[in-house]
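# Residue-level structural notes
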Amino acid sequence: MLQRIQTIYLLLAAGASAGLSVFLPYGLNQEGIELYAKEELFLLAMFTGSAALSLIAIFLFKNRQLQFVLGRINILLNFILLGVFVYWSLTVSGETKVSEKGIGMIIPVISIVLLVMANKAIKKDENLVKSVDRLR
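A few points on the structure. These figures come from a predicted structure and were not determined experimentally. Numbering of residues starts from 1 in each chain and follows the order in which that chain's sequence is written. Only residues with pLDDT of at least 70 are given local features in this predicted model, and only at 80 or more are side-chain atom pairs given and counted; all residues enter the totals for whole chains, interfaces and linings. Hydrogens and waters are ignored; side-chain quantities use all the structure's heavy atoms.

### Some words on the packing of aromatic side chains
Note on ring pairs: Phe, Tyr and Trp rings are taken, using the six-membered ring of Trp, and paired if centres are within 6.5 Å. Classes follow the plane angle, with under 30 degrees stacked, over 60 edge-to-face and the rest tilted. A complete count under the given rule lists 2 aromatic pairs for this structure. Taking the centre distance of 5.5 Å and the plane angle of 35° together, the rings of tyrosine 26 and phenylalanine 85 count as tilted. Of this pair, tyrosine 26 sits in the loop between helix H1 (5–23) and strand E1 (27–28) while phenylalanine 85 sits in helix H3 (residues 64–90), and the two are 59 residues apart along the sequence. Exposure classes here rest on a 1.4 Å probe applied to the protein chains alone. A residue is buried below 20% of its type maximum, exposed above 50%, and partly exposed in between. Exposure remark for phenylalanine 85: the relative accessible area of 1% places this residue in the buried category. For a Lys NZ or an Arg CZ to count as sitting over a ring, it must be within 6 Å of the ring centre and within 35 degrees of the ring normal. The ring of phenylalanine 68 has lysine 123 lying over it, and the distance from NZ or CZ to the ring centre is 5.9 Å. Counting from the N terminus, the helices are the DSSP runs of H or I reaching at least four residues and the strands are the DSSP runs of E reaching at least two.

### Let's talk about the packing of helix H2 (residues 41–58) against H3
Every axis corresponds to a line fitted to the C-alpha atoms, with the helix fit spanning only the stretch in contact, and the corresponding angles, defined between N-to-C directions, vary from 0 to 180 degrees. Contact geometry for H2 and H3: axes closest at 9 Å, N-to-C directions at 160°. The orientation of H2 relative to H3 falls into the category roughly antiparallel. As H2 runs across H3, the sense of the crossing is left-handed. On H3, the residues touching Phe42, Leu43, Met46, Phe47, Gly49, Ser50, Leu53, Ser54, Ile56, Ala57 and Ile58 of H2 are Gln67, Leu70, Ile73, Asn74, Leu77, Asn78, Ile80, Leu81, Val84, Phe85 and Trp88. Angle categories: roughly parallel below 35 degrees, roughly antiparallel above 145, roughly perpendicular from 65 to 115, and oblique for all the rest. Here a crossing is called left-handed whenever its near helix is offset anticlockwise from the far helix by less than a right angle, and right-handed whenever the offset is clockwise. Contacts are residue-level and defined by heavy atoms, with any inter-residue pair within 4.5 Å sufficient.

Put into structure tokens, the structure is as follows:
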């Protein structure tokens, strides 16, 4: 059913991954120019993949186990993306691309929180269905 709370969480996670990553800079280079994920192919692919996994999981509402697994994979993808951002921010030297952190680096954290909340709601629904099946 599309009117469940996990649908809202997954839709917000997809919006954060796809929408915010395009408009919010993830850092500044040495010249003070803002760096966006849409200019970096790897980041764009990671954010788009995260958004696609969230949207696919929304329409798998009949298969809650697969929806839960896709949520876990999406959380793992966002942790990898967060790790890339942390690595880039910790290796700041004169020759790296990112010399200052931007607000776009917290997008994976926002997505992870929303995906965890969605997985919690999916698990709650699964437990509810299992408890009803026991009564039959």
